[in-house]
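Breakdown of the fold
Spelled out, the chains give:
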Amino acid sequence: MSSKLGIYSQAAGGDVFDPLTMNWDIYYDSDNVILSGSSVSSFVDLSSNSNNSTQATTANQGTLIATDVSYNNLSTVEVTGTDFYDLTNNLTINRNGNRTIWWMGNNIVTASTFEFLYSTTSFSFIGYVRAAGVINFVGNGSQWANVTATNVTAPLINTITFTANGKMRFYQNGVLINVSTADLNVSGTFTADRMFGTKTGSALNAKFHQFSSVERLLTINELNYLGDGFSQQLGTTWTPIV
């Protein structure tokens, strides 16, 4: 396992960039993994919750790319086929609660899927279904919300926000791509016990450098702080959210 966080940089104002100040529920990056050869057997949770995600079966483990030129020479983890990881502690996902999901990643091929958090006991997940071209929020077999998503095949800084009794929003590099038609104003929950796989059985073919989630709506200042720091890491441009 790497001993560094792997995402420090000089953000605006010259301060050291520290995304962990957001007090995430879970926080993973590809510099903090446990390896079995070049396969990733565990992601170490850098939040205060010690909620590592693990996979003991080699055939279902992602592959570490130590220096990924398409990510400005950052490391990434590639997940394909039947890869997935089990959370140490389940997460309760609320339909009408605030939540922010932030990840630096992409789908490797166009017609592929990357489901971030999902349940093994119900048809429930939050994820990107490229065949349908949407970010889906599905709970207990019902479509709670979705947004049209584009250009996820390129390495991007992706943000999803869920506003209590409001909308789901999807941003890429700070640009608002789409807002859900449905309001998240009906109660409902599902238990996420697995991540980085495919609940729907669609083709999994994705990679990422960083993934985090918290059950609150980050402020605009917090989102722009993260975007400014991560964009310097990726060597891309962040458009400030206003």
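Residues numbered from 1 in each chain as written. Predicted model: local features only at pLDDT ≥ 70, side-chain atom pairs only at ≥ 80, totals over all residues. Heavy atoms only, no water.

1. What to know about the overall build of the protein
We apply this condition: Each helix corresponds to a stretch of at least 4 residues labelled H or I by DSSP, and each strand to a stretch of at least 2 residues labelled E; elements are numbered beginning at the N terminus. Only protein chains enter the accessibility calculation, which uses a 1.4 Å probe; a residue is then buried when its area is under 20% of its type maximum, exposed when over 50%, and partly exposed in between. Contacts are assigned to residue pairs that have any heavy atoms within 4.5 Å of one another. Areas reported as accessible are Shrake-Rupley estimates using a 1.4 Å probe. Residue values count occlusion only from the protein chains shown.
Scanning the protein from N- to C-terminus turns up 1 helix and 17 strands. Looking at the 242 residues of the protein, the share that counts as buried comes to 52%. For the protein, the proportion of contacts with a sequence separation of at least 24, taken over those separated by at least 6, is 64%. Just so you have it, the protein exposes about 9300 Å², and 48% of that area is on carbon and sulfur atoms.

2. Quick notes on the packing of aromatic side chains
Quick reminder of the rule: Here is the rule: rings of Phe, Tyr and Trp (six-membered ring for Trp) pair when centre to centre is within 6.5 Å. Planes less than 30 degrees apart are stacked, more than 60 are edge-to-face, and the remainder are tilted.
Counted by the stated rule, this structure contains 23 aromatic pairs. Ring geometry for F114 against F116: centres 5.2 Å apart, planes inclined by 85 degrees, an arrangement best described as edge-to-face. Given the relative accessible area of 0%, F116 is considered buried. Seen from their ring centres, F137 and W144 are 5.1 Å apart, and the 90 degrees between their planes marks the pair as edge-to-face. For the pair shown, F137 and W144 are each scored as buried.

3. Some thoughts on the environment of Q210
The condition that has to hold: In the analysis that follows, any N or O atom pair within 3.5 Å is treated as a polar contact, provided that within protein one partner can donate a hydrogen and the other can accept it, and provided that, for residues neighboring in sequence, both atoms belong to side chains.
By secondary structure assignment, the location of Q210 is in strand β17 (residues 205-214). For Q210, a relative accessible area of 0% corresponds to the buried category. When the C-alpha positions of Q210 and Y28 are compared, they lie 5.8 Å apart, and in sequence the two are 182 residues distant. For Q210, the contacting residues outside a window of four places in its chain are Y27, Y28, D29, W102, W103, M104 and F230. Here the side chain of Q210 touches S212 through a polar contact of 2.9 Å, side chain to side chain.

4. Observations regarding the pattern of salt bridges
Where charged atoms from two side chains of opposite charge approach closely, those side chains can pair. Definition in use: Counted as salt bridges are all cases of a side-chain nitrogen of Lys or Arg within 4 Å of a carboxyl oxygen of Asp or Glu.
If you walk through the whole model with that rule in mind, you get 5 salt bridges. For the salt bridge of K207 with D68, the shortest nitrogen-to-oxygen distance reads 2.9 Å. Here D68 lies in strand β5 (residues 62-68) and K207 lies in strand β17, a separation of 139 residues in the sequence. Owing to a relative accessible area of 11%, K207 belongs among the buried residues under this scheme.

5. Description of the confidence of the model for the protein
We count it as follows: Confidence of the predictor in every single residue is expressed as pLDDT, which spans 0 to 100.
With 90% of its residues at a pLDDT of 70 or more, the protein shows a mean pLDDT of 88. For residues 1-12, every residue scores under 50 in pLDDT, and the model assigns this stretch 45 contacts once sequence neighbours within four places are set aside.

6. Observations regarding the environment of L87
Along the chain, L87 turns up in strand β7 (residues 85-94). For L87, a relative accessible area of 7% translates into the label buried. For the pair L87 and S42, spaced 45 residues apart in sequence, the C-alpha to C-alpha distance is 9.8 Å. Contacts of L87, omitting those with residues within four sequence positions, involve Y28, N51, N52, S53, L117, A192, D193, R194 and M195.

7. Overview of the nonpolar core
What counts, and what does not: To form a nonpolar core, buried Ala, Val, Leu, Ile, Met, Phe, Trp, Tyr and Cys residues must be joined to one another through side-chain atoms within 4.5 Å.
If you look at the biggest cluster of nonpolar residues, it comprises 37 residues, and the most contacted ones within it are L117, F137 and F211. If we ignore the near neighbours within four places in the chain, the residues touching F211 are I26, Y27, Y28, I101, W102, W103, F116, L117, M195 and F196. Core analysis: the second largest hydrophobic core is formed by 18 residues, L74, I157, V214 and L226 among them.

8. As for helix α1 (residues 220-234)
Just so we agree on the cut-off: Given a helix with a known number of residues, its expected span is that number minus one, times 1.5 Å.
Relative to the 21 Å expected for 15 residues at 1.5 Å per residue, α1 spans 21 Å between its end C-alpha atoms, a close match to the ideal helical length. Contact partners of the buried residues in α1: β1 (26-29), β6 (74-80), β8 (99-107), β13 (156-162) and β17. Count one or two residues on from α1 and you reach G235, which has phi positive near 75 degrees.

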